[in-house]
Amino acid sequence: VQAAPGAGIRREFRDSRLGQVHLRRAAPVAVASNLHSPVVLLHQTPLSGRMFAALLPELARDRVVYALDTPGYGESGAPAAQPSFEEYAAAIGDV
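Values in this document were obtained by computation on a predicted structure and should not be read as measured data.

Engineer: Explanation requested: the overall build of the chain in the structure shown.
Structural biologist: Within the chain, the regular secondary structure consists of two helices and four strands. Relative to the compact-globule value of 12 Å for 95 residues, the chain shows a C-alpha radius of gyration of 14 Å, a close match. Overall, the chain is about 40 × 25 × 20 Å in size when its C-alpha atoms are taken along their principal axes. The buried share of the chain, reckoned over its 95 residues, is 35%. Accessible surface, the chain: about 5700 Å² in total, of which carbon and sulfur atoms supply 53%. When the 9 basic and 9 acidic side-chain charges of the chain are each reduced to a single mean position, those positions are 7 Å apart.

Engineer: What am I meant to see in unusual backbone geometry here?
Structural biologist: Most of the time, phi is negative for any residue but glycine, and the peptide bond is trans. Geometrically, the link from Thr45 to Pro46 is a cis peptide bond, its omega value of 15° lying close to zero. By the secondary structure assignment, Pro46 is in the loop between β3 (39-42) and α1 (55-59).

Analysis parameters
Residues numbered from 1 in each chain as written. Predicted model: local features only at pLDDT ≥ 70, side-chain atom pairs only at ≥ 80, totals over all residues. Heavy atoms only, no water. Helix = DSSP H or I, 4+ residues; strand = E, 2+ residues; numbered from the N terminus. Rg over C-alpha atoms; globule rule 2.2 N^0.38 Å. Buried < 20%, exposed > 50% of the residue type's maximum accessible area, 1.4 Å probe, protein only. Areas by Shrake-Rupley, 256 points an atom, 1.4 Å probe, with all protein chains shown as cover. Lys, Arg positive; Asp, Glu negative; His and termini not counted. Charge placed at Lys NZ, Arg CZ, Asp CG, Glu CD.

Now the structure itself:
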């Protein structure tokens, strides 16, 4: 997938209470003072943030966009035990 003009996509890992979380971060290449609020995209279970590959560069024309692989999915680390909904939410908040 080719990024829209002015948008760059990077892959990163961030630490959370459930282990490392993989994410895709898309942002405008040019620094602008009028960026809109960031957006966090959460995938359907059992998929990954890869499902947003075509959408990321479009949304990142004027804001920073994060597409996370929730713990245990995609390239994120697997938790030791099945997390509760609240634990998933807290881990996403950590990121």
